[in-house]
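Chains, contacts and geometry: an overview
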Amino acid sequence: MLEKGQEILVLRDVLIPGGRVADITISNGQVMHAGAAGKGDLEISCRGKFVLPAGTDLHVHMRDGPQKEKETWESGTKSAIAGGVTVVVDQPNTIPPLTTSDLIRDRVMLAESQAYTRFAINGGVTSDADLIGMWRAGIFAFGETFAGPSSYGEAVSSSVLRYTMEQVAGWDGLMTIHAEQVTEGPDRTLADHDHLRPVSGEVRAIQDVLTMNTHGCNLHFCHLSSADAIRAIPGGGASREVTPHHLFLSYELFDPEDAQGKVNPPLRSEKVRQELFSCWDQIDIIGSDHAPHTRAEKGKEFELAPSGIPGVETMIPLLMGRVLEKKVSLADVIAKTSIRPSDILGITKAGFSPGDRADFAIYPDTLTRISADNLHSAAGWSPYEGMTAVFPEKTILGGTVVFDSGEFFKPDLSEDYSGIRLWIQGRGYSL
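Residues numbered from 1 in each chain as written. Predicted model: local features only at pLDDT ≥ 70, side-chain atom pairs only at ≥ 80, totals over all residues. Heavy atoms only, no water.

**Here we look at the overall build of the protein**
A count of helices and strands for the protein gives 12 helices and 19 strands. In summary, the protein has a C-alpha radius of gyration of 21 Å against a globular reference of 22 Å for 431 residues, a match within 12%. Oriented by its inertia axes, the alpha-carbon framework of the protein measures out at about 65 × 50 × 40 Å. Every one of the 431 residues in the protein was classed for burial, and the buried ones make up 61%. Considering only intrachain contacts with a sequence separation of at least 6, the fraction spanning at least 24 residues in the protein is 71%. For the protein, the exposed surface amounts to about 16,800 Å²; the carbon and sulfur share of it is 48%. Counting 39 positive and 57 negative side-chain charges, the protein places the averaged centre of each group 3 Å from the other. (Helix = DSSP H or I, 4+ residues; strand = E, 2+ residues; numbered from the N terminus. Rg over C-alpha atoms; globule rule 2.2 N^0.38 Å. Buried < 20%, exposed > 50% of the residue type's maximum accessible area, 1.4 Å probe, protein only. Contact = heavy atoms within 4.5 Å. Areas by Shrake-Rupley, 256 points an atom, 1.4 Å probe, with all protein chains shown as cover. Lys, Arg positive; Asp, Glu negative; His and termini not counted. Charge placed at Lys NZ, Arg CZ, Asp CG, Glu CD.)

Below is the structure:
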């Protein structure tokens, strides 16, 4: 029963994966009915379009604070919804790192003041981190936990890893792992960067973490960059995340000293990239590892330039390009960018059935070329420049259109019936 004031949105003629065409009736932030619909307060024709449950990106770095020239919560979440993503999970290697309950609460308040998407916050793992305090403050997961150093993230010791996994296992929490081993040597080119952070080290780091996990902590391995890394994780042993940049980019596509391709784990050779894509069916989720830096920072001498690239806005559009080219299935894209990540996050999935979260993105059936001039991250550049993709025309959050043909509309959180709450609290909140 609808309460007074609740509006009805109807998505007309939606082609649901599997072949059925139906109207999707939405109210109070959720799907009410899939089938022939009556008149809505707002109706959107979806004939000839792709309608996808909106993305949930478990791996973003929204920067802000002392790093707001790289990205703010406003610019980063606008970038997300312009790419069909309505849920993001922010990583804790901020300045300062998120390692206490007070810092977590401050981060939530900052995000709530700016965000155009739903969001969750992760807590950092260090030798002095307040694990129980962060868990009670509402973090989603612990990590990404650095088994190898990265930009603004120091590697933790084996003893800290073991202790943290034991604690988190006791709370039935989740720990996310950045698995790398770093060797010494000159770091002057993208090939050097790959050599210093090799696939063999990624595999050894994964094996070491799995061996240390004697208490059965739930694990999620971030940004796996090789088929060998995928195969090192037993089925059901942990969830496997792969980024678009490791699926679509190799270091051979760049000039050797172009730091726009510098990222951790590194871009691999074209051969390794193709082998990774061959493991498509074994990949649980696609996460962007959106880690923006400014053009000026990326223009520094290679060894001094930070690692990381922007990618939340291009993640699903790149995959939709492969759908149009019939290289991957639409059902797989939905599963890896929406259903499975939502399941890991512990929230109601976006979808077409009654009771599903009413977050959708509507895509045309035509390819376009990526241009940084059309993207919305404060970074202002993209390593995917010129590649083909399909960007959404509209994005819907909780039954509210928040992006339409280049225009943004911040969701109105003042109405109790809107069904929208942006902060997704972790399971330990206020225990």
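**Observations concerning the pairing of strand β8 (residues 118-121)**
Covered by surrounding structure in β8 are R118 and A120 together with F119 and I121, the residues of both alternating faces. Direction of pairing for strand β7 (residues 85-90) relative to β8: parallel, over a ladder of 4 bridges. The residue of β8 that forms the bridge with V89 is A120. Where the polypeptide runs from β7 across helix α2 (residues 101-114) and back to β8, its parallel neighbour, the crossover connection is right-handed. (Pairing = 2+ DSSP bridges. Right-handed = clockwise from strand over helix to strand, strands pointing away.)

**Some points on the environment of P234**
Locating P234 in the fold gives a position in the loop between α7 (227-231) and β12 (239-242). Classification of P234 by relative accessible area gives partly exposed; the value is 46%. Along the sequence, P234 and L210 sit 24 residues apart, while their C-alpha atoms lie 9.6 Å from each other. When sequence neighbours within four positions are dropped, the list of residues in contact with P234 reads L210 and R240.

**Some points on helix α12 (residues 330-345)**
Spanning 16 residues, α12 covers 22 Å between terminal C-alpha atoms, matching the ideal 22 Å at 1.5 Å per step. A maximum bend of about 40 degrees is found in α12 at K336. All of the buried residues in α12 are L330, V333, I334, K336, T337, S338, P341, S342, I344 and L345. Downstream of α12 by one or two residues, G346 has phi in the positive range, about 85 degrees. (Expected span 1.5 Å × (residues − 1). Bend = angle between axes of the 7 residues up to and from the residue.)

**So, the packing of aromatic side chains**
Within this structure, the stated rule accounts for 10 aromatic pairs. Seen in terms of ring centroids, F403 and F408 are 5.1 Å apart; in terms of plane orientation they differ by 50 degrees. Their pairing is tilted. For F403, a relative accessible area of 5% gives the class buried. Ring geometry for W423 against Y429: centres 5.2 Å apart, planes inclined by 85 degrees, an arrangement best described as edge-to-face. Taken together through their ring pairs, the aromatic side chains of Y116, F403 and F408 make up a single cluster. Taking the ring centre of F302 as reference, the NZ or CZ of K262 above it sits at 5.0 Å. Just above the ring of W280 sits the side chain of K336; from NZ or CZ to the centre is 5.0 Å. (Phe/Tyr/Trp six-rings, centres within 6.5 Å; stacked < 30°, edge-to-face > 60°. Lys NZ or Arg CZ within 6 Å of the ring centre and 35° of its normal.)

**Comments concerning the packing of helix α11 (residues 315-324) against α12**
The N-to-C vectors of α11 and α12 enclose an angle of 160 degrees; their axes lie 9 Å apart at closest approach. The angle between α11 and α12 places the two elements in the roughly antiparallel class. In this structure, α11 crosses over α12, and the sense of that crossing is right-handed. Side by side, α11 and α12 meet where I316, L319, M320 and V323 of the first sit next to L330, V333 and T337 of the second. Residues belonging to the contact of α11 with α12 are distributed by class as follows: 6 nonpolar, 1 polar and no charged. (Axes fitted to C-alpha atoms, helices over the stretch in contact; angles between N-to-C directions. Parallel < 35°, antiparallel > 145°, perpendicular 65-115°, else oblique. Left-handed = near helix turned anticlockwise from the far one by under 90°. Nonpolar A, V, L, I, M, F, W, Y, C, P; charged D, E, K, R; others polar.)

**Some points on the sheet that holds strand β3 (residues 30-35)**
Strand order across the open sheet formed by 4 strands is β3-β2-β1-β4, with mixed pairing between neighbours. Looking at strand neighbours, the two that pair on one side only are β3 and β4 (42-45), the edges of this open sheet. Here the strands of the sheet are splayed against their neighbours by 20 degrees on average, with no regard to which way each runs. Inspection of the sheet shows strand β2 (residues 21-27) paired to β3 by 5 bridges, in the antiparallel sense. Following the sheet pairing, I26 is matched in β3 by V31.

**Let's talk about the side chain of S338**
Relative to the assigned elements, S338 resides in helix α12. Side-chain polar atoms of S338 contact the backbone oxygen of A54, separated by 2.8 Å. Once you skip the residues sitting within four places of it in the chain, S338 turns out to touch P53, A54, T56, V333 and A350. (Polar contact = N/O pair within 3.5 Å; in protein donor to acceptor, adjacent residues only side chain to side chain.)

**Describing helix α6 (residues 199-212)**
Relative to the 20 Å expected for 14 residues at 1.5 Å per residue, α6 spans 20 Å between its end C-alpha atoms, a close match to the ideal helical length. Regarding α6, the residues found buried are V199, G201, E202, V203, A205, I206, V209 and M212. On its buried face, α6 is in contact with α4 (158-170), β10 (174-178), β11 (218-221), α7 and α9 (270-277).

**Brief notes about the pattern of salt bridges**
Taken as a whole and assessed by the stated rule, the structure comprises 22 salt bridges. For E325, the salt bridge goes to K327, with nearest N and O atoms at 3.7 Å. Through salt bridges with shared partners, a single network forms among R12, D23 and E43. (Salt bridge = Lys/Arg side-chain N within 4 Å of Asp/Glu carboxyl O.)

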